[in-house]
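Examining the three-dimensional arrangement
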Amino acid sequence: MKIIAGLGNPGSEYAKTKHNVGWMLVDALAERLGAGDWRQHEKGLVAEARIGSEKVFLVKPQTYMNNSGECIGPLMRWYKLEPEDVIAVHDDMDIPAGMVRIRKKGSAGGHNGIKSLIAHIGSEKFGRVRIGVGRPLPGWSVINHVLAPFSDEDVPKIREAIEYLLPAMECIVREGYDMAMNKYNPKKEKKKKEKERGEGENG
């Protein structure tokens, strides 16, 4: 069994904001998998689905972003799962809008939702699926940035990122993080080598 947790804030006023991109992915995944109805459990909305033979619990914490762990920690223990069975989907300002990164563990990197998960799960060894939302505009605070909707320019990028990640989520569950990272993370090394080759040819 796995928990796939989309981090975000409850309430219609937050539905289309950058901070809720994790919820957007989980909603899209629920539709793709034909998940059951959402029901309230341990401070979250939970829907059950299957990926292959594996049961997955899709979760949207109702605690607001900064207290996400108050939902996910108790749920993990309720279902008798390990930290490694939790996959958190969240926004990331350190990567451009629409870019994605999959990691199997790591620090919070300044993300308050992830800090809360680490505190309540008691480990950093849970998966992350990070969706880039870019940096704040000049003069904008971080709060203003993440609680604002996506710009018209970024909306299609985010839609594409979510579509791109749907099979990636299934790959994580079916084949593990290493396979999913290899298949779906951007290939930095390859681009770097191609650049070096190009410079060599020009020299």
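For the structure given in this document, a descriptive report is provided here. (Residues numbered from 1 in each chain as written. Predicted model: local features only at pLDDT ≥ 70, side-chain atom pairs only at ≥ 80, totals over all residues. Heavy atoms only, no water.)

In this section: the overall build of the protein chain. From N to C terminus, the protein chain includes 7 helices and 7 strands. Going from the N terminus to the C terminus, the protein chain shows its helices and strands as β-α-β-β-β-α-β-β-α-β-α-α-α-α. The globule rule puts the C-alpha radius of gyration for 203 residues at 17 Å, and the 17 Å found for the protein chain is close to it. Along the longest, intermediate and shortest principal axes, the C-alpha atoms of the protein chain span 60 × 45 × 30 Å. Here the protein chain holds 203 residues, and 48% of them are scored as buried. The long-range share in the protein chain, meaning contacts at least 24 apart out of those at least 6 apart in sequence, stands at 67%. Entry remark: accessible area of the protein chain is about 10,400 Å², with carbon and sulfur atoms responsible for 50%. On the protein chain, the mean spot of the 32 positive side-chain charges and the mean spot of the 28 negative ones are 3 Å from each other. (Helix = DSSP H or I, 4+ residues; strand = E, 2+ residues; numbered from the N terminus. Rg over C-alpha atoms; globule rule 2.2 N^0.38 Å. Buried < 20%, exposed > 50% of the residue type's maximum accessible area, 1.4 Å probe, protein only. Contact = heavy atoms within 4.5 Å. Areas by Shrake-Rupley, 256 points an atom, 1.4 Å probe, with all protein chains shown as cover. Lys, Arg positive; Asp, Glu negative; His and termini not counted. Charge placed at Lys NZ, Arg CZ, Asp CG, Glu CD.)

Attention shifts here to the sheet that holds strand 3 (residues 44-51). Spatially, 7 strands are ordered 2-3-4-1-5-7-6 in an open sheet, and the strand pairing comes out mixed. Sheet topology places strand 2 (39-41) and strand 6 (100-103) at the edges, where each strand pairs with a single neighbour. Between one strand axis and the next, the sheet turns through 30° on average, direction left out of account. When strand 1 (residues 2-6) meets strand 4 (residues 54-61), the two strands line up parallel, connected through 4 bridges. (Pairing = 2+ DSSP bridges. Axes fitted to C-alpha atoms, helices over the stretch in contact; angles between N-to-C directions.)

On to the packing of aromatic side chains. Scanning the entire structure with this criterion turns up 3 aromatic pairs. On the numbers, 3.8 Å between centres and 15° between planes, the contact of Phe-57 with Tyr-79 is stacked. Of this pair, Phe-57 sits in strand 4 while Tyr-79 sits in the loop between helix 2 (69-78) and strand 5 (86-92); the two residues are 22 residues apart in sequence, bridging distant segments of the chain. Relative accessible area serves as the criterion here: at 2%, Phe-57 is assigned to the buried category. Its relative accessible area of 12% is what places Tyr-79 among the buried residues. The ring of Phe-150 carries the charged tip of Lys-18 above its face, separated from the ring centre by 5.8 Å. A cation sits over an aromatic face here: Arg-128 above Phe-126, 4.0 Å from the ring centre. (Phe/Tyr/Trp six-rings, centres within 6.5 Å; stacked < 30°, edge-to-face > 60°. Lys NZ or Arg CZ within 6 Å of the ring centre and 35° of its normal.)

Positioned with a positive phi, Glu-42 is a non-glycine residue whose angle comes to about 45°. Tracing the backbone through its elements, the reader meets Glu-42 in the loop between strand 2 and strand 3. According to the relative accessible area criterion, Glu-42 is partly exposed, its value standing at 30%. For Lys-43, which is not a glycine, the phi torsion comes out positive at approximately 60°. Within the element layout of this structure, Lys-43 appears in the loop between strand 2 and strand 3. Take Lys-43: its relative accessible area is 46%, and that puts it in the partly exposed class.

The next thing to look at is the pattern of salt bridges. Under the definition given, this model contains 12 salt bridges. Residue Glu-48 pairs with Arg-39 through a salt bridge whose shortest N-O separation is 3.1 Å. A salt bridge links Glu-153 to Lys-157, with the shortest nitrogen-to-oxygen separation between them at 3.6 Å. Salt bridges linked by common partners bring Arg-39, Glu-48 and Lys-55 together as one network. (Salt bridge = Lys/Arg side-chain N within 4 Å of Asp/Glu carboxyl O.)

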